[in-house]
Amino acid sequence: DDIDTGDDIIEFKPAAGEITSNRFDAKFALVKVGDIIRVNYGSIEVPYLIKEKKYSGTSGSKKYIIRIA
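Residues numbered from 1 in each chain as written. Predicted model: local features only at pLDDT ≥ 70, side-chain atom pairs only at ≥ 80, totals over all residues. Heavy atoms only, no water.

One ladder, built from five bridges, connects strand 2 (residues 36-40) with strand 3 (residues 45-58); its direction is antiparallel. Within strand 3, the position partnered with Asn40 by the bridge is Glu45. Taken together, strand 2 and the strand that follows it, strand 3, pair antiparallel across an intervening segment of four residues, in which Gly42 is found at a positive phi of about 100°. As paired strands, strand 3 and strand 4 (residues 61-68) are joined by eight bridges and run antiparallel to one another. Within strand 4, the residue paired with Ser56 across the bridge is Lys63. (Pairing = 2+ DSSP bridges. Helix = DSSP H or I, 4+ residues; strand = E, 2+ residues; numbered from the N terminus.)

In structure tokens, the structure reads:
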């Protein structure tokens, strides 16, 4: 399994201001394996268990990724 690709991957893409101020970094640090994320598909909301979490990058190019079960 590759955490960078797949249909069980969710990548968060915060606004530029959230990235440069590191506000999203602080929020993403609170995410733990085993937490529940709720994804809204418009007319339905589905809960998923977070199976894996990955942060990578530098200040100019950050990636916030989770794998759902």
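For the rest of this paragraph, the subject is the environment of Lys54. Note on placement: Lys54 falls in strand 3. In the structure, Lys54 is positioned 12 residues away from Ile66 in sequence and 6.1 Å away in space, judged by C-alpha atoms.

Scanning the entire structure with this criterion turns up five salt bridges. A salt bridge links Glu18 to Arg23, with the shortest nitrogen-to-oxygen separation between them at 3.2 Å. Taking the shortest distance from any N to any O, the salt bridge between Lys62 and Asp25 comes out at 3.2 Å. Here Asp25 lies in helix 2 (residues 23-29) and Lys62 lies in strand 4, a separation of 37 residues in the sequence. Across the pair, exposure class does not vary: Lys62 and Asp25 are buried alike. Three or more residues joined by partner-sharing salt bridges are found here, namely Asp8, Glu52 and Arg67. (Salt bridge = Lys/Arg side-chain N within 4 Å of Asp/Glu carboxyl O. Buried < 20%, exposed > 50% of the residue type's maximum accessible area, 1.4 Å probe, protein only.)

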